[in-house]
Amino acid sequence: VTRAEEVDAGPGAPAGWTGGGRPGAGWEEAVADRLGRVVAEGRWRSPRSFDALGVAGTLSDEGRAVVSFASNDYLGLTAHPKVVAAARDALGRWGAGAGGSRLVTGSRPVHRELEEALAEWKGCEAAVSFPTGFAANLGALSVLGGLGGRVLSDELNHASIIDGCRLARAEVSVYRHADPDHLESLLSRGGPPAVVVTDTVFSMDGDLAPLEELAAACRRHGALLLLDEAHAVLGPHPGPKVTDGVCVVRVGTLSKTLGSLGGYVAGPRPVVDLLINLARPYIFTTAQSPADAAAALAALEVVRSPEGAALCARLAGHVERVAPGHPSPIVPVVLGTEERALRCSEALLAEGLWVPAIRPPTVAEGTSRLRVTLSAAHTDEQVGRLVSALASVTG
Ligand SMILES: Cc1ncc(COP(=O)(O)O)c(C=O)c1O
């Protein structure tokens, strides 16, 4: 299974672009041919520039005012005054970049402070931060998967997990989506010590992994359970039925709930020490900027305060209006064909609502969809507009 999270369908290929047939041979031709295939498959993408602070702004190329339902800034903390002020103070104190990798010259006091706060938040002995959540998965899986020799991965796991499995140089088995029985049968076949890895909230469907059942299978077979909690702003929050008697390692990102940039791995102290010493995406890369670390630390303080609880409640209320009973702020509206998903996304855009269309290869053929992501920063009025526009556009 290979998939990657799609961010945006983009405005389309440049006019007149046909791909192959350019003069020249070798690489130039190969690149042109490959690009031509992307165009021919209708899968050309390029980033849209969004001039915004928070959810409302302007798509710069088109000059169109829109409300974004496309970001993972679930609690609106990218623009929170305390978060912005913390980043600004860090810029003044330590400058723009860390200047080196963590083990050489890149560590600043704020990195350690952030790691201690993350470990405490997650109820773990220790945590280590990475430049991105993607790098955190690469680091954790390459080291732990390589140590054990076998990785079992949910078929709908995020692209960074899939790539981490590849880097592990381990035997990799993919179990059916959210299916603990299939996992159990794979574990029962025996083999080297296993790492079981799963998103806790899946990034394209917004559904949850059955954590207690997965943990029970890990407990029975002595497997390590690696949880990617990137989207778990509203839970699930693993309790003792998940963590007791299992070596649980938790990966997260600072870029979604915490509104900044970076990733982390939290778990037992020896696991974290091993990553610090062996994980190449930690060792051979420049440290996350001090301003990003400071912003995440300030955001974490907000999340853990009564204000954070209120923001989560507000977000849960928005989810309830859009999709009653749905467990996360990622709400898929599955439409079937790519054409239909693109058409509906364009129709919403015409009404000033930016909801990306997600198509194969990111999701399976025939399940192209709109992917709505909600934020506590959305106003009640904006969510109301979305609900009625979705009904009229997809109805
Ligand atoms: C499930 C999951 N894991 C990891 C990541 C990577 O996180 P980051 O954006 O911090 O690299 C993402 C983000 O796209 C994700 O959806």
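The following refers to the structure shown.

1. So, the overall build of the protein chain
So, step 1. Regarding its fold elements, the protein chain presents 15 helices and 14 strands.
So, step 2. A compact globule built from 395 residues would reach a C-alpha radius of gyration of about 21 Å, and the protein chain, at 22 Å, matches this within 12%.
So, step 3. In terms of principal-axis extent, the alpha carbons of the protein chain reach across some 55 × 50 × 45 Å.
So, step 4. In the protein chain, which comprises 395 residues, the proportion classed as buried is 53%.
So, step 5. Taking as baseline every contact in the protein chain between residues at least 6 positions apart, the subset at least 24 positions apart corresponds to 70%.
So, step 6. Put simply, the protein chain shows about 16,900 Å² of open surface, and 55% of that area lies on carbon and sulfur atoms.

2. Brief notes about the packing of helix α2 (residues 81-94) against helix α12 (residues 290-303)
So, step 1. Between α2 and α12, whose axes approach to 8 Å, the crossing angle comes to 150°. As judged from the angle between their axes, α2 and α12 are roughly antiparallel. Here the hand of the crossing between α2 and α12 comes out right-handed. Touching Lys-82, Val-83, Ala-86, Ala-87, Ala-90, Leu-91 and Trp-94 of α2 are Pro-290, Ala-291, Ala-294, Ala-295, Ala-298, Ala-299 and Val-302, all from α12.

3. Some thoughts on the site of the ligand
So, step 1. Close contacts around the ligand come from 16 residues, with Gly-133, Asp-228, His-231, Thr-253 and Lys-256 the closest.
So, step 2. Contact distances for the ligand include 3.4 Å between an oxygen atom and a side-chain N or O atom of His-158.
So, step 3. Asp-228 places a side-chain nitrogen or oxygen 2.6 Å from a nitrogen atom of the ligand.
So, step 4. With the chains in place, 86% of the 390 Å² that the ligand exposes on its own is no longer accessible.
So, step 5. In terms of residues, the shell around the ligand owes the most to one element, helix α5 (residues 133-148), which gives 3 residues.

4. So, the sheet that holds strand β8 (residues 224-228)
So, step 1. The 7 strands are arranged β4-β10-β9-β8-β7-β5-β6 in an open sheet whose pairing can be described as mixed. With one partner strand each, in any of the chains shown, β4 (126-130) and β6 (171-175) form the two edges of the open sheet. Neighbour-to-neighbour, the strand axes of the sheet open up by a mean angle of 20°, direction not taken into account.
So, step 2. In the sheet, strand β9 (residues 248-253) pairs with strand β10 (residues 263-267) via 4 bridges, with the strands oriented antiparallel. Within β10, the residue paired with Gly-252 across the bridge is Tyr-264.
So, step 3. Across the face of the sheet, helix α10 (residues 269-278) comes into contact with β4, β9 and β10 while running at roughly 25° to β4.

5. Some points on the pairing of strand β2 (residues 56-59)
So, step 1. Pairing analysis gives 3 bridges linking strand β1 (residues 50-52) to β2, with the strands arranged antiparallel. Its bridge partner lying in β2, Phe-50 is registered against Leu-59.
So, step 2. What sits between β1 and β2 in their antiparallel hairpin is a turn of 3 residues, with Gly-54 showing a positive phi close to 90°.
So, step 3. Pairing between β2 and strand β3 (residues 64-68): 4 bridges, direction antiparallel. If you follow Ala-56 over to β3, its bridge partner there is Val-67.
So, step 4. Between β2 and β3, which follow one another and run antiparallel, lie 4 residues, and Gly-63 among them has a positive phi close to 65°.

6. Some details on the sheet that holds strand β12 (residues 353-354)
So, step 1. Read across the sheet, 4 strands follow the order β1-β2-β3-β12 without closing on themselves; strand pairing throughout is mixed. The open sheet is flanked by β1 and β12, the only strands paired with a single partner.

7. A few points about the pattern of salt bridges
So, step 1. For the coordinates displayed, the defined rule picks out 16 salt bridges.
So, step 2. For Asp-273, the salt bridge goes to Arg-269, with nearest N and O atoms at 3.0 Å. Pair noted here: Asp-273 and Arg-269 are both in helix α10, with a separation of 4 residues, about one helical turn.
So, step 3. With a relative accessible area of 39%, Arg-269 lands in the partly exposed category.
So, step 4. One salt-bridge network, held together by shared partners, links Arg-43, Glu-338, Arg-359 and Glu-365.

8. Some remarks on the side chain of Gln-288
So, step 1. Tracing the backbone through its elements, the reader meets Gln-288 in the loop between α11 (280-283) and α12.
So, step 2. Setting aside its immediate chain neighbours within four residues, Gln-288 contacts Ala-98, His-111, Leu-114, Ser-129, Phe-130, Pro-131, Leu-254, Leu-261, Gly-262 and Ala-293.

9. Side note on the side chain of Arg-359
So, step 1. With respect to the helices, strands and loops of the structure, Arg-359 is situated in the loop between β13 (357-358) and β14 (368-373).
So, step 2. We classify Arg-359 as buried; its relative accessible area is 4%.
So, step 3. There is a polar contact of 2.6 Å between the side chain of Arg-359 and the backbone oxygen of Gly-42.

Rules and cut-offs
Residues numbered from 1 in each chain as written. Predicted model: local features only at pLDDT ≥ 70, side-chain atom pairs only at ≥ 80, totals over all residues. Heavy atoms only, no water. Helix = DSSP H or I, 4+ residues; strand = E, 2+ residues; numbered from the N terminus. Rg over C-alpha atoms; globule rule 2.2 N^0.38 Å. Buried < 20%, exposed > 50% of the residue type's maximum accessible area, 1.4 Å probe, protein only. Contact = heavy atoms within 4.5 Å. Areas by Shrake-Rupley, 256 points an atom, 1.4 Å probe, with all protein chains shown as cover. Axes fitted to C-alpha atoms, helices over the stretch in contact; angles between N-to-C directions. Parallel < 35°, antiparallel > 145°, perpendicular 65-115°, else oblique. Left-handed = near helix turned anticlockwise from the far one by under 90°. Near = heavy atom within 4 Å. Polar contact = N/O pair within 3.5 Å; in protein donor to acceptor, adjacent residues only side chain to side chain. Pairing = 2+ DSSP bridges. Salt bridge = Lys/Arg side-chain N within 4 Å of Asp/Glu carboxyl O.

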